[in-house]
Every structure is written in structure tokens, then in C-alpha cells.
Amino acid sequence: MAGSGRGPGEELLSFQAFQSRSPLGARYGARDSWQRDFRRLRGITYLDHAGATLFADSLLKGFMDDLRENIYGNPHSQNISSKLTYDTIEHVRYRILQHFNTTAEDYTVIFTSGSTAALKLVAETFPWIPEGAKEPSSRFCYLTDSHTSVVGMRGITAMMNVLSVPVQPKDMLLLEKNKEPAKEQNCTTPHLFCYPAQSNFSGTKYPLSWIRKIKSRELCPGRIPGKWFVLLDAAAFVSTSPLDLTVHTADFVAISFYKIFGFPTGLGALLVNNEIAPFLRKIYFGGGTAAAYLAGEDFYSPRQSVAERFEDGTVSFLDIIALKHGFDALERLTGGMENIKQHTFALAHYTYTVLSTLKYTNGAPVVYIYSDTDFSNPDVQGPIINFNVLDENGDIIGYSQVDKMASLYNIHVRTGCFCNTGACQQHLGISNEDIKRNLQAGHMCGDDIDIIDGRPTGSVRISFGYMSTFEDAQNFLKFIIATQLSKADMKFPFQPTPTKTVTESEESPMQNDQTSCHNADVLSMKTIIADSGPWNNSSAMLKTTRWQPPETELERTRAAVSEQAVPVHSSSNKPIIVTNICLYPIKSCSAFEVTQWPVGNQGLLYDRNWMLVNQNGVCITQKQEPRLCLIHPSIDLKQKIMVIKTEGMDPIAIPLEENLEKETQICQSKVCAHRVQTYDCGERIADWFSEFLGRQCHLIRQSSDFKGNATQKHVKGQAPSATLSLSLVNEAQYLLINTASILYLKEQIIARLEEPLETEQMIQRFRANIVINTVEPFEEEEWAEISIGALHFQVVGLCNRCQIICIDQKSGERNKEFLQSLSNARGRKTHFGIYLMNQSSCSSSSYILSVGSPVFPMLKESTKIQCPPSNEEKASG
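Keep in mind that this is a model prediction, so the values were computed, not measured. (Residues numbered from 1 in each chain as written. Predicted model: local features only at pLDDT ≥ 70, side-chain atom pairs only at ≥ 80, totals over all residues. Heavy atoms only, no water.)

**Student:** Which residues make up the overall build of the chain, and what are the values?
**Tutor:** Assigned secondary structure in the chain consists of 23 helices and 36 strands. A buried classification covers 56% of the 877 residues belonging to the chain. About 38,000 Å² of surface is accessible on the chain, with carbon and sulfur atoms providing 50% of the total. (Helix = DSSP H or I, 4+ residues; strand = E, 2+ residues; numbered from the N terminus. Buried < 20%, exposed > 50% of the residue type's maximum accessible area, 1.4 Å probe, protein only. Areas by Shrake-Rupley, 256 points an atom, 1.4 Å probe, with all protein chains shown as cover.)

**Student:** Now, about the state of the cysteines: what can you tell me, with residues and values included?
**Tutor:** Taken as a whole and judged by the stated rule, the model has one disulfide. Cys 589 provides the cysteine sulfur closest to Cys 629, a residue in no disulfide bond, and the two sulfurs are 8.9 Å apart. (Disulfide = S-S within 2.5 Å.)

**Student:** Pulling in residues and values, what's your account of helix H13 (residues 317-334)?
**Tutor:** Helix length check: H13 (18 residues) gives 26 Å between terminal C-alpha atoms against 26 Å at 1.5 Å per residue, within 8%. Looking at H13, one finds that the buried residues are Phe 317, Ile 320, Ile 321, Ala 322, Leu 323, His 325, Gly 326, Phe 327, Ala 329, Leu 330, Leu 333 and Thr 334. Just downstream of H13 lies Gly 335, where phi reads positive at about 85 degrees. (Expected span 1.5 Å × (residues − 1).)

**Student:** How would you explain the packing of helix H5 (residues 80-99) against H13 if you had to name every residue and give the values?
**Tutor:** For the pair H5 and H13, interaxial distance at closest approach is 9 Å and the crossing angle is 45 degrees. The pairing of H5 with H13 is recorded here as oblique in orientation. As H5 packs across H13, the resulting crossing turns out to be left-handed. Within the contact between the two elements, H5 uses Thr 85, Thr 88, Ile 89, His 91, Val 92, Arg 95, Ile 96 and His 99 and H13 uses Phe 317, Ile 320, Ile 321, Leu 323, Lys 324, Phe 327, Asp 328 and Leu 330. Taken together, the residues of the contact of H5 with H13 sort by class into nine nonpolar, four polar and three charged. (Axes fitted to C-alpha atoms, helices over the stretch in contact; angles between N-to-C directions. Parallel < 35°, antiparallel > 145°, perpendicular 65-115°, else oblique. Left-handed = near helix turned anticlockwise from the far one by under 90°. Contact = heavy atoms within 4.5 Å. Nonpolar A, V, L, I, M, F, W, Y, C, P; charged D, E, K, R; others polar.)

**Student:** Residues and numbers for the sheet that holds strand E35 (residues 847-850), please.
**Tutor:** A sheet is described by the order of its strands in space; here three strands give the open sequence E22-E21-E35, paired in antiparallel fashion. Looking at strand neighbours, the two that pair on one side only are strand E22 (603-604) and E35, the edges of this open sheet. (Pairing = 2+ DSSP bridges.)

**Student:** Just give me the short version of the pairing of strand E2 (residues 107-112), but keep the residues and values in it.
**Tutor:** Judged by how many residues are buried, E2 sits mostly within the fold: six of six residues are covered. In the sheet, E2 pairs with strand E8 (residues 268-273) via six bridges, with the strands oriented antiparallel. Looking at the pairing, Tyr 107 lines up with Asn 273 of E8.

**Student:** Quick one: what's the story with the packing of aromatic side chains, residue by residue and with numbers?
**Tutor:** This model, assessed by the stated rule, comprises 35 aromatic pairs. Residues Phe 18 and Phe 470 carry aromatic rings whose centres are separated by 5.2 Å and whose planes lie at 35 degrees to one another, so their mutual orientation is tilted. With Phe 18 in helix H2 (residues 15-21) and Phe 470 in helix H18 (residues 470-485), this pair connects stretches of sequence that are 452 residues apart. Taking relative accessible area as the criterion, Phe 18 reaches 0% and is therefore assigned buried. (Phe/Tyr/Trp six-rings, centres within 6.5 Å; stacked < 30°, edge-to-face > 60°.)

**Student:** I'd like to hear about the side chain of Ser 590, residue by residue, with values.
**Tutor:** Of note, Ser 590 is situated in the loop between strand E19 (577-583) and strand E20 (592-594). A polar side-chain atom of Ser 590 sits 2.9 Å from a polar atom in the side chain of His 632. (Polar contact = N/O pair within 3.5 Å; in protein donor to acceptor, adjacent residues only side chain to side chain.)

**Student:** So what about unusual backbone geometry? Which residues, and what values?
**Tutor:** Of note, the bond from Phe 263 into Pro 264 is cis; its omega dihedral lies within 30 degrees of zero at 0 degrees. Backbone geometry at Phe 375 places phi at a positive 60 degrees, although glycine is not the residue there. Here Phe 375 is to be found in the loop between strand E11 (367-369) and strand E12 (384-390). The backbone of Tyr 606 shows a phi angle near 75 degrees, a positive value even though the residue is not glycine. Positionally, Tyr 606 belongs in the loop between E22 and strand E23 (610-613). The class for Tyr 606 is buried, based on a relative accessible area of 17%.

**Student:** A description of the nonpolar core should follow, citing residues and the corresponding values.
**Tutor:** Formed by 71 residues in total, the largest nonpolar core has its most connected members in Leu 355, Phe 387, Phe 476, Phe 479 and Phe 766. For this core, the leading source of residues is H18, giving nine residues. Sequence-distant contacts of Leu 355, that is, excluding residues within four places in its chain, are made with Val 367, Ile 369, Ile 385, Phe 387, Phe 476, Leu 477 and Ile 480. Counting 65 residues, the second largest nonpolar core, distinct from the first, contains Cys 220, Leu 330, Met 337 and Ile 340. (Core = buried A, V, L, I, M, F, W, Y, C linked by side-chain atoms within 4.5 Å.)

What follows is the structure in C-alpha cells.
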């Protein structure tokens, strides 16, 4: 806009630009009332609606008011409350059919636990003709761009001796173009073709006209003659698009309601065309499905109602009743699915247009978008954008790194392959052999191993819902610009051999013929997104108690170091020593720094033995509560207590000795997928923490007699150590960082912040147990094992950092710059520090770890360090 003073980038991110770039017919329909229904989204950009959309507050209120005002009994009974339940469920069935513009004369609604259960039900009951029968056998045909739950149906069909035939999308489109009908029109063998109305990977909408063409034999999947039936996986499609079953008369339609309303979860439906329903074969019968049966004789007669015949047991009737309020809220807030379709597509089209124009100063694109369309038509493209971020050289930045950076901006995205391996292979050029090799390399669906041998294992997906706004699209684009286009070019001076990680990409990912860049203005700019407002918490000084072991024990410990050992160094005669030792008695709370400390069988004695959990028993960390760093626990070994202090609260003490009385509440929790058994430290302690944090929470402690969390990781090429136990840590017993590495990173951050930064503050952010100082930064990543005094450790991996390093451990204030600078300095990775496990042959609860102890590392591929043969190094602490 002339005279506005805006740069070209700001102009492109303006609401006026959004409106001007909206395609013909697309309508942006954000309403002021949404702010009341989605107040919990303030400060959050939620872009995973294809994974799960969000429920409106008014939906929940209407549902809870309904439950408070009515009594709903088991619908299988005949009393008044049960009759009310039954009638309400039937009303909801009619409401569902109305939503899809059909009636009970044509379709039956069978409630399931979700779309997956609906798909499984079809596979189990379809009238298959197996191989070897007198008549031609059936085929199960599915589009390769399908959810795992569709592909998984072939396991059931295989048990029934029915062949499965995967079909590529391009083959179906080519078949439709060539219009080759089946040659044997008189064949009546039943076949089933399943495809998604909308790809959950790319948002591509496959033609609903396929339904009519396949059923009329105008289109024959795989050129296999017979009578074809169509199963439509509509879970992704119906979340933002209308489906008219009067026009598109699929035989089966699978849906999940949380994709539409956000609540309830765990409830879906199979819509069955009444013409096929009588031919379905059901073997198992559960409660409520039988008209009559005998327990002592093989006699069973099903109910006549199709729904009742297939809904085994008592349906989730309260969740079904919630659907009524979901439909009410959806209609009231949006005016219907057509409005949702246009609204979400307008946002996706704008985001795609801007995203595809972003370029580095050298002309290289910032992202590579995986799409089969140009986002010009909402009838062929849903509100999903799938992409990978590229660096200036065209190499892919791993999706897990993008996800971490997005979390700094409170942006919620989805990463991986999205339970759609077929589409992932198609768009990313991953071969079948690649999938198998990646599995052997340790990569599984849903993990954060994003690059293997320079090639991506997945991508990033954003998706819009009806409550998404222009600001959501704008925030996401600002995030991409801030993290990619505002960076100064930095190079890492020392590139180590990775430990238990993957290599950077060496080749450009551009393998498909289609391009993500279309005719539009190129955006290349430097935009700095301001950090969120600082916390208003005053700093709390860390007071440490420095425990000292008996002098004679200390001397014996130091004397145990071999006189012939020489510390490894790269370019100086300066020995490597331990400079700091910290333990964190309460997980995610402040450090307790010591000069010397006893070692237990799980690491430093009492390190992360306690943690805070919310009312659901889920661990609370600084990611959710940055103010945890203002809580300062200290251990007094003589008095056998832990004292907890924070500003504005009276100190509170907890005994170190376990007191498992009869009334003590024992519970099991998970820490980074490891199962741990804990016990509650009591209401007095819970009240103290709840008052300080302003939310309900409990302090729990790990039970010392529970060994179920034992684990051990090992580095490829090295023999694994014996199984060792962990405390409430995330990955390993110890975390070690190097001051030289800290100083290198500090220089990068100071250059970007243009303000001084204390080294001690930097060290605290990385929350290590052991701090050392070498000459070269990151040379610790070359080590396979180390010896510190009489203790011997195996290096089991690099520490992959999260947003906690962005939190000032003295004030609780956040600054996104720290993780961004780390990512930039480490070649778009966020590794910093190494994990250590105490080698079993040397582990003992009476060893001492001391500041000033020399560190003897052993480089990778070298001979193992041997434990000192003497027992004189043991100490009593």
C-alpha cells in the first residue's frame, strides 16, 4: 500500500495481501464468537487439525449441561432413563445421516471406536470369495496413498485367503483417462476398492466420481472384472468438506468424529449402504446383538436392525449424545460445512502461495512442498500443506529440528510420515529398500530420526480447521521467515563424527518433476520476530551446600588414578578436568551444585529422584512451567533431608529416607517412554508446590525397589554394557558438557543478540551433571569412553536439545535465540553435550565424583579403558 512505509515482506504478510490472493469463490469466515469458544488458543498457533481438530467451549458446556439435567441409563434396559438414552442415540443417528444428506432408507450408521475400527469391520464382514473356490476369487484393492488403517486391512484379507492389490494414484487416474471398462461384464465376484476422499499426507482430494464409475464398471481398479464395491475412507475429508451421499453413494463410509468436532475422541462410525448390508457376514456376537441364542447349543439369531447387529456390547452412549452438541456448535459457529471448506481453503491457498515464493538471497527456495495440485481449487485440494524446509544449499533440514523451532514460537505442527507410508514414499522418493534399511538403522514411525544417509525419512505437515484464523497463517509464515531468512551465515569450525545420530544431507531432495514454486513475487527478506514478553519473576540466587567426603577417602579416590595415564588433548598440553558438578534432585527444578558427590547405581546420588506431576499424573517440566527453575532443592546428607526453597515461600524439608507407609500412594508413571514406579510425597508437600505454581500438582519420588525402568543404550560398533538402572532422567545416567563448546556457542549468540552474556548463565541453561573444559569445542563428541578418577563411563549418544535451553535458569525468562543459534551453529542440528552411562564393572554406590578430577577420554574405534584393579578408591559417602 503506497505511503504505508511497509517493506515488500510486510506487505505480503498483510491481511490485504491475503484477501487479494484468495482464489475466486474462497471465503474467509472468521467470527468474533470464536474467540470466546477458543480462548485457550491465545498465544498458540495450532496447525494440526488433520491430526485432531479442537472442540468449542460451547460444545462442552452444552454437553455437560445435558448430563446434569438428564439421567441416561444403559440403552439395553427398558426403564425410563434407558429409554431416554435409546431415543437420543437414534436421534443422533438421524442427525448424522442428515449431515451427509442422506436418510435411514439408504444408509445405516454403525457406531465404532473410530474410523480404524470401521475399516476393520468391513474387512471382517465383507462377503469375500477366497482363492481356491469354484468361482473366481475376490480382490481387495486399495490406493497406496492411504492411511495405515486401510493398508492394515490386508492382514485380515490374507487370513481369508483373499489377494490384496495396491494401486498407485497415477495408475487410477490413467485408467480413468483411458476409460477401459472391464471385459467380462457378467462376472459377479465381489471385490472391494478402498481409497481416501482426501489424502491425509498432502490434502489431495481424490475424485468422488470414482464411486459411481467403479460401481457401474465404467472404471475397473487393476483391470479386474467383477462386481466392485467402494469403501470410502472419509475421516480426513469430512473434517473440513461436505459429503453428499445422495450423489456419491459409496457402499461403506468410515469416519471419526473427533476429526470434525474435536470431542468426543474414541468414537467413529461406519455408514453402510443398505443394499450391501444384508450380504455382510458377522461371526462374533456380543451383548445387545442377539435376538436369541443358546449357551449350551450352537444356536444364535441376530437382531434385525443392522446397527444393533453390528454394535457389539453397550455403545459409548454418552459420547454419542455429545455428538448432538457437536453438530449444534458446528452449525452455530460456522453455518455449515461448505463455509468451513471455503474458509480453510482460503487460509491454505494463501499460506501455500507465500510459502512457495520464499527464497534465500542466492535464489534457492526455503521450502519444498509435496503436492499434487497448485492449490487453486478447493474441490481438488484440502487445507493441508506438506513440506520440508531447505537450507541455502538445497539440503533438507530434518523435520524434528523444524518441530523444535516451531515449539519456540508456540506453533503446533505434525511431523513424520503421518501414518501414510505410501504417500511418503511417493513424494519423498523413498524406496521399499530404504524403508527396510531405515528400520534396521533404528528408525520407526513416529520417532525423531529425520535424516538417514542424507535423505529425509519424513516431512512437516500443517493443516487448518474451521477455527483457524489469518493470524495463524501469518504467525506460521513469520516463523519460517524468522528462523530461515533472518540468519547470518555461520559455519561450524570443527565437524565431529556424529555419535548415535544421522548424517547431514549431501544431495538436493528435488526428485519429483513438479516444483513447489509457482509464478509469484519472490520474497527474500530479513524479518526479526520479537520475543515473547519476559516473565515478571524476580531472580532467586542459587545457594549451594558443598558436601565434602572424609579427607582420607578423597585421597584414596584421587590416588586410584593410574600414574601412567595421560589425558587426551588435541592441540595443547593442558589436561582435561572436571570444573563443575551439578545434580537436580527434583526433575526440571534448579541445579544443586557441589564440589564432590557420591555416585549411586543410577548416577549421582539423589539426582532426579523426585518430579512434579499434574492432576493426571503427567510429569511437569520447564516446557510447561518455566518457573520450576526458581525452585531450589538442596541435599543435606548429614541430616538426611532435602530442603526446598524459593522466593516468597517458607522453606520446606523432605526426609531422604523412604517412608513407604500403608497409606502411601504408589503409582506408575512414564518418563520418556520408560516406566517408573513412584510414590506420592504427601499433601503438605503438594500444597507447597501448588501454591507457588498456581496449579494443582504433586511431588512424587521414584521407588528404590522398582527395577522396571532399567535400560541401556550402546553405540554402534561397541559391545553393550550390562543393563543399568535409570532415575527419572530422560536418556542416560549422566550428561556432560564442555566449556569450550559453551564459549563457541556464546560467541554466536552474542553476535546475534548484540548484548553481553555470562558464561555461567550459559552453562546453567544446558543443565549438565558434569562440566569439563577442553581446548577445542565439541571434541567430546569424538569420545567413546571416558574415565574420571576411578569411575569409567561409556558415551551412549549426543544430547538432542529442546526449548528448555531458551529459559534463563535464574529468572525463568524465555529467549528463542538460544535454540535458534544452536541449530544454526551445528548445521541445523541441536545436539549439545554427551550422554554417559557408568560401566557395570566399575559401578558402585560408594564412589566419589570430584571437581578438579582429571578426565581421561578414549577416542572412538580405540581400545577400551580398563578399570583400576584396586578397591582402595571406594569411599563411604
